[in-house]
Amino acid sequence: DNRYEGLKGDPMAFEEFGYGVVYTSGGNKKKFQVMNYEAYSHEVATLNNGKMEYLPKGMIESFWMVTPTSTDTLQFRKFTSKEDDQVFFGQVLLEGKVTYIKKYEKYIQKADYQGTYSSGKTYDEFKDKVKFFAVNQKGDMTSFKPNKKGLERIFPEKQSEIKT
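In this report, we go over the structure that sits alongside the text. Everything numeric in this text was worked out from a predicted model, so none of it was measured.

### Remarks on the overall build of the protein chain
Next up, step 1: Check the secondary structure of the protein chain and you find one helix and 11 strands.
Next up, step 2: When the helices and strands of the protein chain are placed in sequence order, the string is β-β-β-β-β-β-β-β-β-β-β-α.
Next up, step 3: If you line up the protein chain on its principal axes, its C-alpha atoms span 55 × 45 × 30 Å.
Next up, step 4: Expressed as a percentage of contacts within the protein chain between residues at least 6 apart in sequence, the contacts between residues at least 24 apart total 45%.
Next up, step 5: In the form shown here, the protein chain has an accessible surface area of approximately 10,700 Å², with 47% of it arising from carbon and sulfur atoms.

### Re the nonpolar core
In globular proteins that are soluble, nonpolar side chains generally tend to be buried together.
Next up, step 1: Counting 22 residues, the largest nonpolar core has Phe14, Val22, Tyr37, Phe63 and Phe76 as the members making the most contacts within it.
Next up, step 2: Mapped by element, the contributors of at least two residues to this core are β3 (29-38), β6 (60-66), β7 (74-80), β8 (87-94), β9 (99-109) and β10 (124-135).
Next up, step 3: Beyond its immediate sequence surroundings of up to four residues, Tyr37 is in contact with Pro11, Met12, Ala13, Phe14, His42, Glu43, Phe63, Met65, Phe76, Phe88, Phe89 and Tyr104.
Next up, step 4: Core analysis: the second largest hydrophobic core is formed by five residues, Tyr100, Ala134, Phe144 and Ile154 among them.

### So, the pattern of salt bridges
Next up, step 1: Tallied over the entire structure, the rule returns seven salt bridges.
Next up, step 2: Close ionic contact of Lys103 with Glu105 constitutes a salt bridge, the shortest N to O distance being 3.1 Å.
Next up, step 3: In this structure Lys103 comes out as buried when scored by relative accessible area, which is 4%.
Next up, step 4: Residue classification places Glu105 among the buried residues on the basis of a relative accessible area of 13%.
Next up, step 5: Notably, a salt bridge pairs Glu125 with Lys127, separated by 3.6 Å at the nearest N-O pair.
Next up, step 6: Looking at Glu125, the relative accessible area reads 21%, which means it is partly exposed.
Next up, step 7: Under the relative-accessibility criterion, Lys127 is labelled partly exposed at 26%.
Next up, step 8: Beyond isolated ion pairs, a larger network of salt bridges with shared partners links Lys103, Glu105 and Lys131.

### Quick notes on the environment of Lys121
Next up, step 1: The residue Lys121 is located in the loop between β9 and β10 in this model.
Next up, step 2: For Lys121 and Glu5, which are 116 residues apart along the polypeptide, the C-alpha to C-alpha distance reads 9.2 Å.

### A closer look at the pairing of strand β11 (residues 141-144)
Next up, step 1: One ladder, built from four bridges, connects β10 with β11; its direction is antiparallel. By the bridge assignment for β11, Ala134 is matched with Thr142.
Next up, step 2: Here β10 folds back onto β11 in antiparallel fashion, the turn holding five residues, of which Gly139 has a positive phi close to 95°.

### Considerations on the packing of aromatic side chains
Next up, step 1: For the structure shown, the criterion picks out 13 aromatic pairs.
Next up, step 2: Centroid distance Phe79 to Phe88: 6.0 Å. Interplanar angle 25°. Geometry classified as stacked.
Next up, step 3: Through a chain of ring-to-ring contacts, the aromatic side chains of Phe14, Tyr37, Phe63, Phe76, Phe89 and Tyr104 assemble into a single cluster.
Next up, step 4: A cation over a ring is seen here: Lys8 above Tyr123, with NZ or CZ 4.3 Å from the ring centre.

### What to know about unusual backbone geometry
Both trends apply: most residues other than glycine have a negative phi, and most peptide bonds are in trans.
Next up, step 1: Phi at Asn49 takes a positive value of approximately 55°, unusual for a residue other than glycine.
Next up, step 2: Here Asn49 lies in the loop between β4 (43-48) and β5 (51-54).
Next up, step 3: Phi at Asp85 takes a positive value of approximately 60°, unusual for a residue other than glycine.
Next up, step 4: Looking at the element boundaries, Asp85 is found in the loop between β7 and β8.

Conventions used here
- Residues numbered from 1 in each chain as written.
- Predicted model: local features only at pLDDT ≥ 70, side-chain atom pairs only at ≥ 80, totals over all residues.
- Heavy atoms only, no water.
- Helix = DSSP H or I, 4+ residues; strand = E, 2+ residues; numbered from the N terminus.
- Contact = heavy atoms within 4.5 Å.
- Areas by Shrake-Rupley, 256 points an atom, 1.4 Å probe, with all protein chains shown as cover.
- Core = buried A, V, L, I, M, F, W, Y, C linked by side-chain atoms within 4.5 Å.
- Buried < 20%, exposed > 50% of the residue type's maximum accessible area, 1.4 Å probe, protein only.
- Salt bridge = Lys/Arg side-chain N within 4 Å of Asp/Glu carboxyl O.
- Pairing = 2+ DSSP bridges.
- Phe/Tyr/Trp six-rings, centres within 6.5 Å; stacked < 30°, edge-to-face > 60°.
- Lys NZ or Arg CZ within 6 Å of the ring centre and 35° of its normal.

Set out below in structure tokens:
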């Protein structure tokens, strides 16, 4: 069967590359005119003379970037999931005693064109997955949905103040 069309889509978190600054674990910082966050392998990607390069994940502590479609500065920090020891960079939404982050992920949805009840999709495809976490000072993460019920779950003492 030769209907398979390969892999479609993009592993990047953002459609277009932006610019920003990377802060290393050694306290250094480096500016990049063209960078993006690769959400499939959780790496920072840069373009150097038209060639894609990935920065060593172990050397990066945090980074910020501005995308062409946004005027906001997106700040990211390194986190480690205690469930599976996965190292990723989470977008910091709010920081205090508890830090609220947005985790960008990509996964590959496999082709499904064989068998009686198949969807007929003849290609693998990168798909987006976004998760939200509250991270305490010990690094423990609690996932939540950014809706009324999800917020009431992580802020039970503020239920009367949470509006839809």
